[in-house]
Amino acid sequence: MEKCRVSGVKKKAGDEASNIEKSLVIIKPDGVKKKIVGEIISRLEKENFKIEKLKMAKISRELACKHYYEHKDKDFFDPLIDYITSGPSVIMVVSGENSISRIRELMGPTDSRKAKKGTIRGDYGVDVTVNVIHGSDSPESAKREIELFFK
Ligand code: IDP
Ligand code: MG
């Protein structure tokens, strides 16, 4: 019988070192009102991201202030808190290969007016405040934000 040859076996794509990250994603109240929850989740799933946790909730002012603490001294802080607490949001933990940077690419830049068509903010956002979606910007913020929303 022919021997199994282990050497020379080509590596499959999945064999490469992976960097599976978790990200906190929020479909903000304007996204829920525009009825694009399904569209956004579909875009994430088509990119092979996994929805690990999902809930719908109106974010309290207290939680919103904790979540956006880094912006507390900015002049847009109060309008931001009013906006994010203005109605129900969909809050998710999303995982996948390099999910933090890849989800932020799918989102587009903060200012929807500067976001390219084909990105979520470019297609559905209004301006720099009303921009449909939040995604964690680093592994440290992802950890902090996931603990805040799913403790
Ligand atoms: P990001 O959501 O793209 O990470 P951040 O700078 O972390 O952007 O800002 C958090 C949120 O605050 C934004 O998504 C947006 O809703 C709002 N925001 C950010 N910058 C401005 C601004 O210059 N004017 C008004 N609202 C802003
Ligand atoms: Mg941010």
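Keep in mind the model is a prediction, meaning the values are calculated, not measured.

**Concerning unusual backbone geometry**
Positive phi, close to 75 degrees, is recorded for asparagine 48, a residue that is not glycine. Although it is not a glycine, asparagine 98 sits at a positive phi angle of roughly 45 degrees. Mapped onto the elements, asparagine 98 comes out in the loop between strand 3 (88-97) and helix 5 (99-107). Given the relative accessible area of 29%, asparagine 98 is considered partly exposed.

**Looking at the packing of aromatic side chains**
Geometrically, a pair of aromatic rings is defined through the distance of the ring centres and the angle of the planes. This model, assessed by the stated rule, comprises zero aromatic pairs. Seen from the ring of phenylalanine 150, lysine 55 lies directly overhead, with NZ or CZ sitting 4.6 Å from the centre. Residue placement shows lysine 72 over the ring face of tyrosine 69; its charged tip is 5.1 Å from the ring centre.

**As for the environment of lysine 34**
One can find lysine 34 in the loop between helix 1 (29-33) and helix 2 (37-46). When the C-alpha positions of lysine 34 and valine 132 are compared, they lie 9.2 Å apart, and in sequence the two are 98 residues distant. Lysine 34 has contacts with Tyr124, Val126 and Val132, leaving out every residue within four places of it along the chain. At 2.9 Å, the side chain of lysine 34 and the backbone oxygen of tyrosine 124 are in polar contact.

Basis of the calculations
The written sequence of each chain sets the order in which its residues are numbered from 1. As they are written, the chains are lettered A onward and the ligands numbered 1 onward, keeping that order. Given that the model is predicted, a residue must reach a pLDDT of at least 70 before its local features are reported, and side-chain atom pairs must reach 80 or more before they are shown or counted; all residues, however, enter totals for whole chains, interfaces and linings. Water and hydrogen atoms were dropped before computing side-chain values, which therefore reflect all heavy atoms in the structure. Helix and strand labels come from DSSP, where a helix needs a run of H or I of at least four residues and a strand needs a run of E of at least two; each type is numbered from the N terminus. Burial classes follow relative accessibility: with a 1.4 Å probe on protein chains only, a residue under 20% of its type's maximum area counts as buried, one over 50% as exposed, and anything between as partly exposed. Working definition: a ring pair exists when centres of Phe, Tyr or Trp rings (six-membered ring for Trp) sit within 6.5 Å. Plane angles under 30 degrees give stacked, over 60 give edge-to-face, the rest tilted. Placement of a positive charge over a ring is assigned whenever Lys NZ or Arg CZ falls within 6 Å of the ring centre and within 35 degrees of the normal to the ring plane. The contact criterion used throughout is that any non-hydrogen atoms of two residues lie within 4.5 Å. Nitrogen and oxygen atoms within 3.5 Å of one another constitute a polar contact, given that in protein one can donate a hydrogen and the other can accept it, and given that sequence-neighbouring residues count only through two side-chain atoms.

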